[in-house]
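Now for the letters of each chain:
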Amino acid sequence: MVTDMSPPRVETVLIVDDSLVQRLHVVGLLRQFGIQGILEAVDGMQALELLAGLDTLPHLIVVDLEMPGMDGVEFILQMMKRNVMAPLVISSNRDLSLICSVENMAHALGIPILAAWKKPLTKQHLAEILHHSPDRPPPSPSAPETHKEASSTGAHELALAISRHQLLPYYQPQIDLKSGTITGVEVLARWPHAEKGFIPPDHFIPLAEKHRLIHDLTLEIAGQAFAQAAHWRRSGVHLTVAVNLSPRLLDLPDFVSEVDALLQQYQLPAAQVIWEVTESSLAADLGIALANLARLRLKGFGLSIDDYGTGFSSMQQLSRIPFTELKIDRSFVHRAHQREHLRVILQSALDMAHKMSLVTVAEGIETLEDWKLLREFGCNLAQGYFIAKPMPSETFTGWVKTQNTRRHGRRGS
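Residues numbered from 1 in each chain as written. Predicted model: local features only at pLDDT ≥ 70, side-chain atom pairs only at ≥ 80, totals over all residues. Heavy atoms only, no water.

Overview of unusual backbone geometry
Move 1: Of the consecutive residues Lys-119 and Pro-120, the connecting peptide bond is found in the cis state with omega at 0°.
Move 2: For Pro-120, the location among the structural elements is in the loop between β5 (113–118) and α5 (123–131).
Move 3: Phi angles above zero are rare outside glycine, and Asn-83 is one such case at about 60°.
Move 4: Relative to the helices and strands, Asn-83 resides in the loop between α3 (72–81) and β4 (88–92). (Helix = DSSP H or I, 4+ residues; strand = E, 2+ residues; numbered from the N terminus.)

Things to note about the sheet that holds strand β3 (residues 60–63)
Move 1: If you walk across this open sheet you meet the 5 strands as β2-β1-β3-β4-β5, and the pairing is parallel. Both outer strands of the open sheet, β2 (37–41) and β5, are each paired with one neighbouring strand and no more. The sheet shows a mean angle of 15° between the axes of neighbouring strands, taken without regard to direction.
Move 2: Relative to β3, strand β1 (residues 12–16) runs parallel, the two being bridged by 4 bridges. Across the sheet, the residue bridging to Val-13 is Leu-60, located in β3.
Move 3: Where helix α2 (residues 44–52) meets the sheet, its contacts fall on β1, β2 and β3, and the angle it forms with β1 comes to roughly 155°.
Move 4: Of the strands in this sheet, β1, β3 and β4 touch α3, which is tilted by about 150° from β3. (Pairing = 2+ DSSP bridges. Axes fitted to C-alpha atoms, helices over the stretch in contact; angles between N-to-C directions. Contact = heavy atoms within 4.5 Å.)

Digging into the pairing of β2
Move 1: Pairing between β1 and β2: 5 bridges, direction parallel. From the neighbouring strand, Leu-14 faces β2, where its bridge partner is Leu-39.
Move 2: Where the polypeptide runs from β1 across helix α1 (residues 20–32) and back to β2, its parallel neighbour, the crossover connection is right-handed. (Right-handed = clockwise from strand over helix to strand, strands pointing away.)

As for the pattern of salt bridges
Move 1: By the definition in use, this model includes 11 salt bridges.
Move 2: Between Glu-157 and Lys-196 there is a salt bridge whose closest N-O contact spans 3.4 Å. With a gap of 39 residues between them, Glu-157 in helix α7 (residues 155–163) and Lys-196 in the loop between β7 (182–193) and β8 (197–199) connect regions that are remote in the sequence.
Move 3: Relative accessible area serves as the criterion here: at 23%, Lys-196 is assigned to the partly exposed category.
Move 4: Across the salt bridge formed by Glu-366 and Arg-330, the nearest N and O atoms sit 2.7 Å from each other. Here the residue Glu-366 occupies a position in the loop between β13 (359–363) and α14 (368–376), and Arg-330 occupies one in the loop between β12 (325–328) and α13 (340–355), the gap between them amounting to 36 residues. (Salt bridge = Lys/Arg side-chain N within 4 Å of Asp/Glu carboxyl O. Buried < 20%, exposed > 50% of the residue type's maximum accessible area, 1.4 Å probe, protein only.)

By themselves, these figures tell us nothing about what the structure is for.
Written out as structure tokens, the structure is:
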């Protein structure tokens, strides 16, 4: 929950709303946070004309959905077509299911969206939005695209980086919702390039899959993570490590033997490792994939159905794969405390998982309210920016020590 009134990073905001009263209300809230660069438009068309005349896009666009002329949905579609990637806040009087649908549409189009609220916006809403807003305005459509250098990074360079151990595992903690203790981590691959900065995973993971480098990449990251987990274990810290498993690896008959050999190398129990399988991305050769998944379970590894709820075959996957864990996608978690339909879906998924004796993990927790709701619903584990962002091993070790010190301090008080 954001309660501080520190100076916001946002300097310019465009308000797109046909209601003068609503625009004045938002203007008043923005000025309470010291924001003076405020632009206004009465519908999508006027907003597009205004944006076309700017050298720099606004830090933020607050848009209504229902407007005469060009409505909010068409405006967002036009933003996508014109490559206007300014972060959005949807504010509307319409029902929450429609607002959420438009929010999902914006996500699917690649438009950055910070929030989707039912009117009226409040000071607390705006504080949360400003807290999560980017540090600088997005580039204008004529400016070079973000990660342009990254997009030029090729398969040969990636293969070289893997062979030189330049890709690193980052660790995002998972917390027991009842006790508050750290039980495990998700392992996320990161590529800190010496010249180009961090290459985003949404660039190098598809590149690895396309050019058959995902096998080497996965074994490289898993090997580093297993070594780290073994080190923690020798220090008395027993954490599960969850590693993402590409469906392309499930076609390989030797994969299970390879990861089992890694376990033996680092003397790590198989039960300490969980392989995360995206529910909608099983390999083309279903028979071999199911055989490999069954063998992983026979070896003692955990299996997590990742991003649960985002595919179209959830029940079928649960019925035919020996999962031990169900990981609920952030789209059903984030701001669920405000949305009844999300709460219903969330509660149903958790109830089903508990009846199947699956460990439940909620990812994408960003607020105290969502944390409290998941705990009330009986979810086992929490993961998200509310707890911590992914971090390298040395930072994670320090973070764990800090958290343990705080917990012991609370017990002694």
